[in-house]
There are 6 protein chains.
Amino acid sequence: MRPSKRAADAMRAISLERGVAKHAEGSCLVKFGDTHVLCTASLEEKPPAWLRGTGKGWVTAEYGMLPRSTGDRMRREAATGKQSGRTQEIQRLIGRSLRAVVDLVHLGEKQITIDCDVLQADGGTRTASVTGGFIALYECIEWMKARQMVGPKVIRDHVAAVSVGIYRGQPVLDLDYAEDSEAETDANFVITGSGGIVEIQGTAEGKPFDEAELTAMLGLAKSGIAELVELQKLAIL
Amino acid sequence: MRPSKRAADAMRAISLERGVAKHAEGSCLVKFGDTHVLCTASLEEKPPAWLRGTGKGWVTAEYGMLPRSTGDRMRREAATGKQSGRTQEIQRLIGRSLRAVVDLVHLGEKQITIDCDVLQADGGTRTASVTGGFIALYECIEWMKARQMVGPKVIRDHVAAVSVGIYRGQPVLDLDYAEDSEAETDANFVITGSGGIVEIQGTAEGKPFDEAELTAMLGLAKSGIAELVELQKLAIL
Amino acid sequence: MRPSKRAADAMRAISLERGVAKHAEGSCLVKFGDTHVLCTASLEEKPPAWLRGTGKGWVTAEYGMLPRSTGDRMRREAATGKQSGRTQEIQRLIGRSLRAVVDLVHLGEKQITIDCDVLQADGGTRTASVTGGFIALYECIEWMKARQMVGPKVIRDHVAAVSVGIYRGQPVLDLDYAEDSEAETDANFVITGSGGIVEIQGTAEGKPFDEAELTAMLGLAKSGIAELVELQKLAIL
Amino acid sequence: MRPSKRAADAMRAISLERGVAKHAEGSCLVKFGDTHVLCTASLEEKPPAWLRGTGKGWVTAEYGMLPRSTGDRMRREAATGKQSGRTQEIQRLIGRSLRAVVDLVHLGEKQITIDCDVLQADGGTRTASVTGGFIALYECIEWMKARQMVGPKVIRDHVAAVSVGIYRGQPVLDLDYAEDSEAETDANFVITGSGGIVEIQGTAEGKPFDEAELTAMLGLAKSGIAELVELQKLAIL
Amino acid sequence: MRPSKRAADAMRAISLERGVAKHAEGSCLVKFGDTHVLCTASLEEKPPAWLRGTGKGWVTAEYGMLPRSTGDRMRREAATGKQSGRTQEIQRLIGRSLRAVVDLVHLGEKQITIDCDVLQADGGTRTASVTGGFIALYECIEWMKARQMVGPKVIRDHVAAVSVGIYRGQPVLDLDYAEDSEAETDANFVITGSGGIVEIQGTAEGKPFDEAELTAMLGLAKSGIAELVELQKLAIL
Amino acid sequence: MRPSKRAADAMRAISLERGVAKHAEGSCLVKFGDTHVLCTASLEEKPPAWLRGTGKGWVTAEYGMLPRSTGDRMRREAATGKQSGRTQEIQRLIGRSLRAVVDLVHLGEKQITIDCDVLQADGGTRTASVTGGFIALYECIEWMKARQMVGPKVIRDHVAAVSVGIYRGQPVLDLDYAEDSEAETDANFVITGSGGIVEIQGTAEGKPFDEAELTAMLGLAKSGIAELVELQKLAIL
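Each value, and the rule that gives it
- Each chain carries its own residue numbering, running from 1 in the direction its sequence is written.
- Written order determines the labels here, with chains lettered from A and ligands numbered from 1.
- Since the coordinates come from a predicted model, pLDDT governs what is reported: local features require at least 70, and pairs of side-chain atoms require 80 or more to be given and counted, while whole-chain, interface and lining totals use all residues.
- Each side-chain value is worked out from all heavy atoms of the structure, with water and hydrogens disregarded.
- Numbering of helices and strands starts at the N terminus; helices are DSSP runs of H or I of at least 4 residues and strands are runs of E of at least 2.
- To get the radius of gyration, use the C-alpha atoms; to get the globule rule, take the number of residues to the power 0.38 and multiply by 2.2 Å.
- For every residue, the accessible area (1.4 Å probe, protein chains only) is compared with the maximum for its type, and the residue is labelled buried under 20%, exposed over 50%, or partly exposed between those bounds.
- Two residues form a contact once any of their heavy atoms are found within 4.5 Å.
- Here the open area of atoms and residues is found with the Shrake-Rupley method and a 1.4 Å probe, where only the protein chains shown may cover a residue.
- Only four residue types enter the tally: Lys and Arg on the positive side, Asp and Glu on the negative side, with His and both chain ends excluded.
- All charge positions are set by atom: Lys at NZ, Arg at CZ, Asp at CG, Glu at CD.
- Any two strands with at least two DSSP bridges between them are considered paired.
- Residues reaching a pLDDT of at least 70 in both copies supply the C-alpha atoms on which the copies are superposed by least squares.
- Here a Phe, Tyr or Trp ring, Trp counted by its six-membered ring, pairs with any other such ring whose centre lies within 6.5 Å, and the pair is stacked when the planes are under 30 degrees apart, edge-to-face when over 60, and tilted otherwise.
- UniProt positions are given in the numbering used here, feature names are shortened, and annotations may be inferred rather than shown by experiment.
- Two parts placed together each lose some accessible area under a 1.4 Å probe, and adding up what both lose gives the buried area.
- What counts as a salt bridge is simple: a side-chain nitrogen of Lys or Arg found within 4 Å of a carboxyl oxygen of Asp or Glu.
- Whenever two N or O atoms come within 3.5 Å, that pair is a polar contact, provided that in protein one can donate a hydrogen and the other can accept it, and provided that, for residues adjacent in sequence, both atoms are side-chain atoms.
- Note on residue classes: Ala, Val, Leu, Ile, Met, Phe, Trp, Tyr, Cys and Pro are nonpolar, Asp, Glu, Lys and Arg are charged, and everything else, Gly too, is polar.
- Buried residues of nine kinds, namely Ala, Val, Leu, Ile, Met, Phe, Trp, Tyr and Cys, make up a nonpolar core once their side-chain atoms join them within 4.5 Å.
- Criterion for a disulfide: a pair of cysteine sulfur atoms within 2.5 Å.
- For every element, the axis is a line fit to its C-alpha atoms; helices are fit only across the contacting stretch, and the angle between N-to-C directions ranges from 0 to 180 degrees.
- When an angle is under 35 degrees it counts as roughly parallel; over 145 it counts as roughly antiparallel; between 65 and 115 it counts as roughly perpendicular; any other value is oblique.
- Take the far helix as your reference; a near helix turned counterclockwise from it by less than a right angle gives a left-handed crossing, and one turned clockwise gives a right-handed crossing.
- In a helix, the anticipated span is given by 1.5 Å times the number of residues less one.

K.L.:
Talk me through the overall build of chain A; I want residue IDs and the actual numbers.
P.N.:
A tally of helices and strands in chain A yields six helices and nine strands. What you see for chain A is a C-alpha radius of gyration of 18 Å, in line with the 18 Å of a compact globule of 237 residues. With respect to the principal axes defined by its C-alpha atoms, chain A has extents near 50 × 40 × 30 Å. The 237 residues of chain A split such that 62% are buried. Taking all contacts inside chain A whose residues are at least 6 apart in sequence as the whole, residues at least 24 apart take part in 70%. Entry remark: accessible area of chain A is about 8800 Å², with carbon and sulfur atoms responsible for 50%. Put simply, chain A has 29 plus and 32 minus side-chain charges, and the middle of one group is 5 Å from the middle of the other.

In structure tokens:
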């Protein structure tokens, strides 16, 4: 029995609200239950220095948590003077995941930065960030299309992410904090709309897992991501 | 004529929404028009080291802006590795303003941190932070009272803040970004519910101002803050 | 009765010594009683990057305290690796104050940096820095005139600063450390030679102040600054 | 055809040289072909602060690359003033992997730090670090046993790591730099001596991969790690 | 012929002014010609952590240059966020030199910090710092003796420093900036009142030097330091 | 009697192994007994910014210690976020020493960085770094000659370094850690193949030394360096 009473393959209530930021070229407030992340897309007319002259653009991401998004207040990273290893790991993951569905040549020599700021955390902030970050990115590309800055083929597919874990011996989908902090194994999957795997990160926190468990987790992840992609499609209708 | 068509003594639409953060002991989402700030209060059972053994507590504040809260994306302070002088100036102001209405002896050896994170900026983020921060602080003290952690006399008065400026030669109340970036003089007033002045910061950006203008600005500020205090009272009914 | 036995409207002994730095384009050792600040002006032939091509120049300031300028040794900011919020607040104030009397178009695409280093502190280091910094700036402009680098109209007015406070219920001028650490209200005024107000920063450390007290403090500040401007005029004869 | 002419399931020449550091409680110079990593284990008598009083110990890891371990010289992280996101990601992985086979209660209130410094890099530095780090850790525990500091059951199993990828459409084992920089998918597996999966990190650099490819990669990884575990056993005979 | 017309063995005008800092336990404004350094001694009642319980105290030094102490303005180290290698080298030298004449056991578990801040630089700032720092230290010990905090035997000898160089083929004493920037060899000697060598740092900037030149430089240094020690004795009469 | 039983003028076993780094333009693994330093030379086609357009090149050095190269583990400088004063002092010394034998005009507008990373420390790491760094530099110049990037006259002489000290009253050559930590005086000499002195750094850790001791130390250093230069010649045959 999950603490939230959800079935093993049930996700939390998901919401993807577009157009929430007055200034940004794209934005999405994504909620996976009590996990709330504000994603914005910011366009810069220049690519990073190492891409100048190549004809290619870039998509990157930054991630942060508000100090009291969590049960105990965390120290503000701006005050400690550096981003933690965890923060950097997550923002690298978000960037890689979104680039997997963008044609950087069709984007051209520009850079889009996806900022994912966690307003409230209850497990799964990185998977919510990828899922909502896709919508912010999509809006930004639409904004560019409306200004003839890019052609139609920049985004090649949907991409979304979900966490899966082994909780009390059972594979479960979309862990909240209560589960996450106790799970034997915690894994994150990033999968495209057409079912291609972009990223797997699986870690045994307690005892190691086996191939059968990996297969079960992948199955749950695929079904969860299919659902997320449907919600993305509704959000951008 | 103000860009927003407001009368010289009219504030923007103000909203103070309580209880918006699942984990925090107090919280408020404050809106001054398109300026939106999420304020949370976090209680620590210990005061800062320099107050241990004195019987007194402390209230402090931290301030941050989401990178794309502004028209152009700002660099994330966690990534640059330090808080700007402006950030530090603002968070010191918020802390001083809130401490002005707290009885630190009645608070006892505890610390409350008010985090003010700007989700969207359109001028006046520091005055919104003080005004909304008061509500978060108030909620936190109520939370403590409900647990018999403090007595009734911790908060001595209301406190709120508003900006005033000289825009095209005329004193105006509660500047938005369009006015703020062009104003000859920009001033922030922090005033208590009973009308005591806690802080004045007035800067001539263009030509110096005179005593008559100072008096006019103070008058506008007092009326604006009286209105804000009424809204605070409604919010905490 | 003030600890220094001064009358409420009496400043400390003020001294403005020009030309004290062998290498700098302008310099002034300013003393407000036991507060001693060495101000130098350094000319750079280029403006900051964001002004290139605009025809305008810039005046900026940096501030520091020697570690043992104070009663207890302070940690050296170069060793801690960052400037405190207070340091940044003060150097921003000095820069704004001096720019208020400089015609940046007549200065042309150059930058002048005013360094204010506190050799000994006894309250009022920021107001001494503005007052002495003006002399260093003036010397620098004279140095430039002598080399035909600027025309006659770069400096438009004098500017000086003084602190005022409410000490044991009474408004007093030019607080030393003994008063400053106990004052109910502490305010700094920056005012031009012609009496225009450039900056007001007033903070109630204890109980809030009212409009009558603000008016009394402004009156003291104006008389103090008139005196400082006379001393500036003598110094640059 | 692989650039190195190896069969798809062939690893590079592996060498695990124990006892190479005069001062350390454990050490191993591990070579995966031209990738050379010096691993040392350092024992501290105290656990990290957050474990004091719990009876448990800790194993952590740090990772670094010599500036000219790579084809182009990298900037020294000590000189840039921070560890990159990649460095932090790797050292967190090494620590998690080694803790997976250590009984922290049997270790007791102590901390072992595994330093993995890359002397020469040719792909797979993190997998070499886990594999050689295990030997350094093992030596350290033996050193402690010889001094009656721990009992026999601290290390529960072997653990090793290997990279696998999809190179030109084909799953291949233990990628060198020439392959790694061109592979469509790059994955790292950390697996115990008894075949339990501790960590999977798979990233599609080019086109997404599917479940069949994941299964093939896992198969290669298992066979590679079985071989590494045999070599570890020989090394610690 | 030296640029300053001095004889090869002539030092610049030296001045050692005691008691210049209102707050410090000891102080000295030292001038070697146009090189002016303000030295203060600050007493702390506790030694550094690594000496607690040993019965021994410590003397340490910090060094800084005001940004416009030099011909071109240097960036402020507090603003750049770190002390340069040169700064650290110099402050380590000053600390070692002063400790060479202090009986740390007789000092007892206390720490004295000597701050040497260069107000104006014209070559030889580190040698002036050692020479003037000794006076500040001496005053501090006298201050402690007057309060029965130490016995009579804390300071065992005088110590002073001077620079020597090979300038246009000739050994010369006490280089100013004009010589220093052109000298083939630049050396600093720290020597006690009784003639013991505490530190030699000699660097060939151009062609290497030989033993005869080293001997000549040592001779000049000894005579210069004998003179400095006489001046120290006069200063502390 | 020295702890190592060596005669006062006997160096430890010295080894200079060339060509140890696959990627670097030059390299040397140098051993002075149990002190092992890996030196690499990295060529950049551009000089540092301040030399552009002068026709001259530059040789610089960086130095680091692996965390467990020492008896107690040292904190990793990349993790602490800065290089210690000692590290900076040493890398500046290595750079100066190597530049003393390089004709920077013949090198042309290029930069060579010598990285010296201490794999194992037992005293004398800086002298081993200079001695081995010379071989890495030499190899790099040979590599450039083979590609017609420089002419024959870039390296003008050999250069090597050795430590000397006063240990239990007696001058001894090439101190290991056991001696170094107890020596009354510790000195490092950098001398060219033709016997010119490039650098002397001598520090009395305990009682000051006199001229006779300095002369004795210089004599030992000269004989030690003559031996090192012979070994360098053999290494580059």
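K.L.:
Give a detailed account of the pairing of strand S6 (residues 159-167) of chain F, specifying residues and quantitative values.
P.N.:
Residues and elements named next belong to chain F. Within S6, nine of the nine residues are buried, which leaves it mostly tucked inside the rest of the structure. Burial along S6 is two-sided: Val 159, Ala 161, Ser 163, Gly 165 and Tyr 167 and Ala 160, Val 162, Val 164 and Ile 166, pointing in opposite directions, are all buried. In this sheet, strand S8 (residues 185-192) lies alongside S6 in antiparallel orientation, the contact comprising eight bridges. Within S8, the residue paired with Ser 163 across the bridge is Asn 188. Sheet topology note: the S6/strand S7 (residues 170-173) ladder contains four bridges and is antiparallel. Paired with Ile 166 across the strands is Pro 171, a residue of S7.

K.L.:
Could you give me a rundown of the relation of the copies chain A and chain B, with the residues and numbers involved?
P.N.:
Overlaying chain A with chain B gives an RMSD of 0.0 Å, the required rotation being 180° about an axis along which the chain moves by 0.0 Å. Taken together, the rotation and translation describe the operation of a two-fold axis. Most of the interface of chain A is mirrored in chain B, where 100% of its interface residues are also at the interface.

K.L.:
Just give me the short version of the packing of aromatic side chains, but keep the residues and values in it.
P.N.:
Residue and element names in this part refer to chain F. Under the definition given, this model contains twelve aromatic pairs over all chains. Centroid distance Phe 134 to Tyr 138: 6.3 Å. Interplanar angle 40°. Geometry classified as tilted. Linking Phe 134 with Tyr 138, this pair stays in helix H4 (residues 125-146), spanning four residues, or about one helical turn.

K.L.:
A description of the arrangement of the chains should follow, citing residues and the corresponding values.
P.N.:
In this assembly chain C lies apart from chain D, the nearest approach of their C-alpha atoms being 12 Å. Separated in space, chain A and chain E share no contact, their closest pair of C-alpha atoms being 12 Å apart.

K.L.:
An account of the UniProt feature "domain: Exoribonuclease phosphorolytic" (unreviewed entry) in chain A is requested, with residue identities and associated values reported.
P.N.:
Residues and elements named next belong to chain A. On the UniProt side, "domain: Exoribonuclease phosphorolytic" (unreviewed entry) is annotated at positions that read residues 11-138 and 159-223 here. This span, residues 11-138, is 29% helix and 31% strand, and a straight line between its end C-alpha atoms measures 23 Å. What you have in residues 159-223 is 26% helix and 45% strand, and the ends, taken at the C-alpha atoms, are 13 Å apart.

K.L.:
Summarise the UniProt feature "binding site: phosphate" (unreviewed entry) in chain A; cite the residues concerned and give the values.
P.N.:
UniProt feature "binding site: phosphate" (unreviewed entry): in the numbering of this structure it lies at Arg86(A), Gly124(A), Thr125(A) and Arg126(A). Despite a sequence span of 41 residues, these residues sit close together in the fold, their greatest C-alpha distance being 13.3 Å. Along the chain, Arg86(A) turns up in helix H2 (residues 85-99). Beyond its immediate sequence surroundings of up to four residues, Arg86(A) is in contact with Tyr63(A), Met65(A), Thr125(A), Arg126(A) and Arg92(D).

K.L.:
Break down the interface of chain A and chain B for me, with residues and values.
P.N.:
By a frequent convention, interface size equals the accessible area lost on bringing the separate parts together. Contacts between chain A and chain B engage 36 residues on the former and 36 residues on the latter. On the chain A side of the interface with chain B, the three residues burying the most area are His23(A), Arg68(A) and Arg76(A), jointly 27% of the side's total. For the interface between chain A and chain B, the tally reads 14 salt bridges. Notably, a salt bridge pairs Arg73(B) with Glu62(A), separated by 3.2 Å at the nearest N-O pair. Where chain A touches chain B, the interface holds 24 residue pairs in polar contact (both at pLDDT 80 or more). For the side of chain A that touches chain B, the secondary-structure elements that each account for two or more residues are strand S3 (35-44), strand S4 (58-65), helix H1 (77-80) and strand S5 (111-120) of chain A. The element that contributes the greatest number of residues to the side of chain A that touches chain B is S5(A), accounting for six residues. Residues of the side of chain A that touches chain B, tallied by class, amount to 14 nonpolar, eleven polar and eleven charged.

K.L.:
Tell me about the nonpolar core, residues and numbers included.
P.N.:
Ile112(E), Phe189(E), Ile112(F) and Phe189(F) are the most contacted members of the largest nonpolar core, which has 134 residues in total. The residues contacting Ile112(F), other than those within four sequence positions of it, are Ala41(F), Ser42(F), Leu43(F), Trp58(F), Val59(F), Thr60(F), Leu107(F), Leu137(F), Cys140(F), Ile141(F) and Met144(F). Core analysis: the second largest hydrophobic core is formed by 133 residues, Ala61(A), Val102(A), Cys116(D) and Tyr138(D) among them.

K.L.:
An account of the state of the cysteines is requested, with residue identities and associated values reported.
P.N.:
By the definition in use, this model includes zero disulfides over all chains. Looking at Cys28(B), it has no disulfide partner, and the nearest cysteine sulfur is the one in Cys39(B), 5.7 Å off. We note that Cys140(D) lacks a disulfide partner, and the nearest cysteine sulfur, in Cys39(D), lies 13 Å from it. In this structure Cys140(D) comes out as buried when scored by relative accessible area, which is 0%.

K.L.:
Just give me the short version of the packing of H2(A) against helix H4 (residues 125-146) of chain A, but keep the residues and values in it.
P.N.:
Residues and elements named next belong to chain A. Where H2 contacts H4, the two axes come as close as 10 Å, and the packing angle between them is 40°. Accordingly, the angle class assigned to the pair H2 and H4 is oblique. Remark: the crossing between H2 and H4 carries right-handed chirality. Along its contact with H2, which presents Arg 86, Ile 90, Leu 93, Ile 94, Ser 97 and Leu 98, the element H4 presents Thr 125, Arg 126, Ser 129, Val 130, Gly 133, Phe 134 and Leu 137.

K.L.:
Tell me about the sheet that holds strand S7 (residues 170-173) of chain B, residues and numbers included.
P.N.:
Pairing between the strands of a sheet is mediated by backbone hydrogen bonds and can be parallel or antiparallel. Strand order across the open sheet formed by eight strands is S7(B)-S6(B)-S8(B)-S9(B)-S9(C)-S8(C)-S6(C)-S7(C), with antiparallel pairing between neighbours. The open sheet has two free edges, formed respectively by S7 of chain B together with strand S7 (170-173) of chain C, since each of these has just one partner strand. Each adjacent strand pair in this sheet contributes to an overall mean axis angle of 15°, direction not counted. Sheet contacts for helix H6 (residues 211-235) of chain B: strand S6 (159-167), S7, strand S8 (185-192) and strand S9 (197-204) of chain B together with strand S9 (197-204) of chain C; angle to S6(B), the most-contacted strand, approximately 145°. Strands in contact with helix H6 (residues 211-235) of chain C are S9 of chain B together with strand S6 (159-167), S7, strand S8 (185-192) and S9 of chain C; relative to S6(C), the strand with the most contacts, it is inclined by about 145°.

K.L.:
With reference to specific residues and values, describe the sheet that holds strand S9 (residues 197-204) of chain D.
P.N.:
Read from one edge of the open sheet, eight strands run S7(A)-S6(A)-S8(A)-S9(A)-S9(D)-S8(D)-S6(D)-S7(D), paired in antiparallel fashion. Two strands in the sheet have a free side with no partner beyond their single neighbour: strand S7 (170-173) of chain A together with strand S7 (170-173) of chain D. On average, adjacent strands in this sheet sit at an angle of 15° to one another, irrespective of strand direction. In the packing of helix H6 (residues 211-235) of chain A onto the sheet, the strands contacted are strand S6 (159-167), S7, strand S8 (185-192) and strand S9 (197-204) of chain A together with S9 of chain D, and the crossing angle to S6(A) comes to about 145°.

K.L.:
Describe the pattern of salt bridges, with residues and values.
P.N.:
Tallied over the full model, the rule gives 120 salt bridges over all chains. Linking Arg6(E) and Glu179(E) is a salt bridge whose minimum nitrogen-to-oxygen distance equals 3.7 Å. Highlighted residues: Arg6(E) in the segment before strand S1 (14-18) and Glu179(E) in helix H5 (residues 177-180), separated in sequence by 173 residues. Taking the relative accessible area as the measure of exposure, Glu179(E) reaches 0% and is therefore buried. For Lys233(F), the salt bridge is made with Glu230(F), and the minimal N-O distance between the two is 3.9 Å.

K.L.:
Before we move on, can you summarise the environment of Asp174(B) with the specific residues and values?
P.N.:
Residue and element names in this part refer to chain B. The residue Asp 174 is located in the loop between S7 and helix H5 (177-180) in this model. Each C-alpha atom of the pair Asp 174 and Leu 107 lies 32 Å from the other, and the pair is 67 residues apart in sequence. With near-sequence residues (within four places) excluded, Asp 174 lies in contact with Arg 2, Arg 6, Met 11, Arg 12, Phe 32, Val 162, Ser 163 and Glu 179. Polar side-chain contacts of Asp 174 include one of 2.9 Å to the backbone nitrogen of Arg 12.

K.L.:
Give me the lowdown on the side chain of Arg6(B), citing residues and values where you can.
P.N.:
Residue and element names in this part refer to chain B. Residue Arg 6 is classed as buried on the basis of its relative accessible area of 13%. Within polar-contact distance, the side chain of Arg 6 engages the backbone oxygen of Ala 10 at 2.9 Å. A polar atom in the side chain of Arg 6 sits 3.5 Å from the backbone oxygen of Leu 173.

K.L.:
Can you lay out the environment of Ile197(E) for me, pointing to particular residues and giving the numbers?
P.N.:
Position of Ile197(E) relative to the elements: it lies in strand S9 (residues 197-204). Classification of Ile197(E) as buried rests on a relative accessible area of 0%. Note: C-alpha distance between Ile197(E) and Gly165(E) (32 residues apart in sequence) is 17 Å. Discounting chain neighbours no more than four positions away, the residues touching Ile197(E) are Val190(E), Ile191(E), Leu218(E), Ala204(F), Pro208(F), Phe209(F), Asp210(F) and Glu211(F).

K.L.:
Let's hear about H2(A): which residues, and what values?
P.N.:
Between the first and last C-alpha of H2(A) there are 21 Å, a value that for 15 residues agrees with the 21 Å anticipated at 1.5 Å per step. Taken across its 15 residues, H2(A) has 13 buried, putting it largely inside the fold.

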